[in-house]
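Each chain, letter by letter, is given below.
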Amino acid sequence: MTLDPIHVENIAQLAYGIGGDVDATDHDDLAERVWREWLPELRREGRVVVEALGDHERRRAAIDDVALAERPFETVHGLDSGTINPTTFKNGLVVDVAHAAMASSPTDLDLHRDRTIVATVHAGDSTAGFDSEWTRRDEGHTRQRVLHVPRVNRYAERVVHALALYLAEGTHALDHADRVDDLLVLDGPIYPKELFTWADRDPELGALAREAKPRAVIEKYVRLVERFVERDVPLAGFVKNPASTTAVRALSRAGVESPWPDDTALFTRLLERREPDGDAGGEFIDDDRDADCGARLDDDLTFTTWFRSRGGADAPMAADGDALGVERELDPELYEPTFMVVYDPRTDVTYKLEAPYAFTRDEATRERLTRQVVAEVAATRGPPEPVSKADELARISAAEKAALRRKFEERLGSDQQATYDDLRWGKETY
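Note on numbering: residues in each chain are counted from 1, in written sequence order. Local features in a predicted model are, by the rule used here, given only for residues with pLDDT of at least 70; side-chain atom pairs are given and counted only at 80 or more, and totals for whole chains, interfaces and linings are based on all residues. Working from all heavy atoms in the structure, the side-chain values ignore hydrogens and water.

Caption draft 1: Examining the overall build of the protein more closely. Runs of H or I in DSSP of at least four residues are treated as helices and runs of E of at least two as strands, each being numbered from the N terminus. Check the secondary structure of the protein and you find 16 helices and 13 strands. Since a compact globule built from 430 residues should have a radius of gyration of about 22 Å, the 23 Å found for the protein is in line with a globular shape. Principal-axis analysis of the C-alpha atoms gives the protein an extent of 65 × 65 × 45 Å. Burial here depends on accessible area, computed with a 1.4 Å probe over protein chains only, as a share of the maximum for the residue type. Under 20% is buried, over 50% is exposed, and the range in between is partly exposed. A buried classification covers 51% of the 430 residues belonging to the protein. For the radius of gyration, the atoms used are the C-alpha atoms, and the globule rule reads 2.2 Å times the number of residues raised to 0.38.

Dropping the structure here:
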């Protein structure tokens, strides 16, 4: 059954009723006030959670020009991890498999062949044991192991997924750190933030995050930062779908009624440009503008300068955080996450680039990272080329996922636990 024309028209009428009650001009005024008065030093309950690092500016760059500009980093490596997604079997096991790869630009085929594979298993039977040591396959190019995750009453799928993903990624990054000469960009945040949010989701998950195995995963990333600081090679993370709510939650706590559901929506509002634009040209965006007064201008990329972040999922790695019990060998301040935001008007997508404060405390390094990511986004209309390459290497296709799940069914002697959605969407076709 499909919607009849009358049903489409009736639904459209609802949109008119919703849109008529929203004053976008008020949102523009509030966004400008947040930028000028709050974001230079945003506090939550007296603690600074977002703070401008150096200049506090919004900038723009002509897309055609910056796409052809010389890159500050001669070689760039990207790293990503993909999974088959959590799978529940009728014998009670919940399994996920993650597969990490590193790519480089220019291309290094020998490096691209190297993989790290982790299978995570959750069992309801407390007497079962599935842990294995790291082993090598494919003439030493593949390193793999099985991790038996701590038992939880709920959220087993969330646990096997996060631990597989981050253990594979963190291990592969550490193992290949010395292959990176100029810059490493992770596909995603610089820390395993999913683990850092567990405490906010459920007390049981929060306690689990401090157990030995999850803490060992977090330690991989702490040691990764230390390794790159020691080698004086920058480390960054390109976040394609930023989900932070640190700023908007802090604004709400301060009594500011935020119309934006998350920080990405706020920064998109701040960076989007529409006609007529009062600015006559130049590098910076004019603050006096109406974001909804005309067609979106798409000739320039717009982006912010850098911020420190100490709230939300970034709080554990702040100088006054405890890194969930992981010992930090450097000054704790050097591990603090910092970020800048890039908006591409051609696709109407907002990205975030993260890096530890150890690197962005230096103004020249901040500028090089900014120029690199802006040029890459301009050229690719998306993530930097090395990140896209790593994503392609690590991605497990739908057909491959289905084949791997069938292999597990054979090996475990148990079928997957089917759901109605499997029936509805045709599980066999995948």
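Caption draft 2: Seen up close, helix α5 (residues 156-175). What a helix should span is 1.5 Å times the count of its residues minus one. Here α5 is 20 residues long and its end C-alpha atoms lie 28 Å apart, about the 28 Å a rise of 1.5 Å per residue gives. Across the 20 residues that make up α5, a large majority, 16, are buried.

Caption draft 3: Inspection of unusual backbone geometry at higher detail. Following Ser105, the chain continues into Pro106 via a peptide bond in cis, with omega recorded as 5°. Note that Pro106 resides in the loop between β5 (94-105) and α4 (109-113). In this structure, Asp138 takes a positive phi of about 55° despite not being glycine. Its place among the elements puts Asp138 in the loop between β7 (135-137) and β8 (142-148). Assessed through its relative accessible area of 36%, Asp138 is described here as partly exposed. The backbone phi angle of Asp232 is positive, close to 55°, even though this residue is not glycine.

Caption draft 4: Just the environment of Val373, in detail. Within the secondary structure, Val373 is located in helix α13 (residues 363-380). The class for Val373 is buried, based on a relative accessible area of 3%. For Val373 and Phe238, which are 135 residues apart along the polypeptide, the C-alpha to C-alpha distance reads 8.6 Å. Non-local contacts of Val373, meaning those with residues more than four positions away in its chain, are made with Phe238, Met340, Val342, Leu353 and Pro384. Whether two residues touch is decided by their heavy atoms; if any such pair falls within 4.5 Å, the residues are in contact.

Caption draft 5: Expanded view of the packing of aromatic side chains. For this analysis, a ring pair means two rings from Phe, Tyr or Trp (six-membered ring only for Trp) whose centres lie within 6.5 Å, classed as stacked if their planes differ by under 30 degrees, edge-to-face if by over 60, and tilted for the remaining angles. Applying the stated criterion across every chain, the model contains six aromatic pairs. When the centroid spacing of 6.0 Å and the interplanar angle of 80° are considered together, the rings of Trp35 and Phe307 count as edge-to-face. Of the two residues, Trp35 sits in helix α2 (residues 24-38) while Phe307 sits in strand β11 (residues 300-309), which places them 272 residues apart along the sequence. Across the pair, exposure class does not vary: Trp35 and Phe307 are buried alike. Ring geometry for Tyr166 and Tyr221: centres 6.1 Å apart, planes at 85°, overall edge-to-face. In this pair, Tyr166 is assigned in helix α5 and Tyr221 in helix α9 (residues 212-231), connecting sequence segments 55 residues apart. With respect to burial, Tyr166 and Tyr221 carry one shared label: buried. An aromatic cluster of at least three residues, connected via ring pairs, comprises Trp35, Phe267, Phe307 and Phe339. Above the plane of the ring of Trp35 lies Arg58, whose end atom (NZ or CZ) is 5.0 Å from the centre. The rule is short: NZ of Lys or CZ of Arg within 6 Å of the ring centre and within 35 degrees of the ring normal puts a charge over the ring. The aromatic ring of Tyr357 is capped on one face by Arg308, whose charged end is 3.9 Å from the ring centroid.

Caption draft 6: Quick look at the pattern of salt bridges. A carboxyl oxygen of Asp or Glu within 4 Å of a side-chain nitrogen of Lys or Arg is what we treat as a salt bridge. Considering all chains together, one arrives at 41 salt bridges under this definition. Salt-bridge contacts for Glu37 lead to Arg33; the nearest nitrogen and oxygen are separated by 3.8 Å. Of this pair, Glu37 and Arg33 both sit in helix α2, separated by four residues, roughly a single helical turn. Classification of Arg33 by relative accessible area gives partly exposed; the value is 34%. For the salt bridge of Glu219 with Arg223, the shortest nitrogen-to-oxygen distance reads 3.2 Å. In this pair, Glu219 and Arg223 are both assigned in helix α9, four residues apart and thus about one turn of the helix distant.

Caption draft 7: A look at helix α10 (residues 246-253). Taken together, the buried positions of α10 are Thr246, Ala247, Val248, Ala250 and Leu251. Where α10 ends, the next residue or the one after it, Gly255, has phi of about 95°, a positive value.

Caption draft 8: Summary view of the packing of α5 against α9. Axis lines are fitted through C-alpha atoms, for helices just across the contact stretch, and the angle between N-to-C directions can take any value from 0 to 180 degrees. Orientation of α5 relative to α9, taken along the N-to-C sense of each, is 30°, at an axis distance of 9 Å. Considering their axes alone, α5 and α9 lie roughly parallel with respect to each other. Judged by the sense of rotation from one axis to the other, the crossing of α5 with α9 is left-handed. Contact with α5, carried on its side by Leu163, Tyr166, Leu167, Glu169, Gly170, Thr171, Ala173 and Leu174, involves Pro214, Val217, Lys220, Tyr221, Arg223, Leu224 and Arg227 of α9 and no other residues of that element. Tallied by class, residues from the contact of α5 with α9 come to nine nonpolar, two polar and four charged. When an angle is under 35 degrees it counts as roughly parallel; over 145 it counts as roughly antiparallel; between 65 and 115 it counts as roughly perpendicular; any other value is oblique. Crossings are sorted by hand: turned counterclockwise from the far helix by less than a right angle, the near helix makes the crossing left-handed, and turned clockwise it makes it right-handed. Classes in brief: Ala, Val, Leu, Ile, Met, Phe, Trp, Tyr, Cys and Pro nonpolar; Asp, Glu, Lys and Arg charged; the others, Gly included, polar.

Caption draft 9: Just the side chain of Arg143, in detail. Following the sequence through the fold, Arg143 ends up in strand β8. If we ignore the near neighbours within four places in the chain, the residues touching Arg143 are Arg115, Thr116, Ile117, Trp134, Thr135, Arg136, Thr171 and Asp175.

All we've got here are geometric facts, nothing functional implied.
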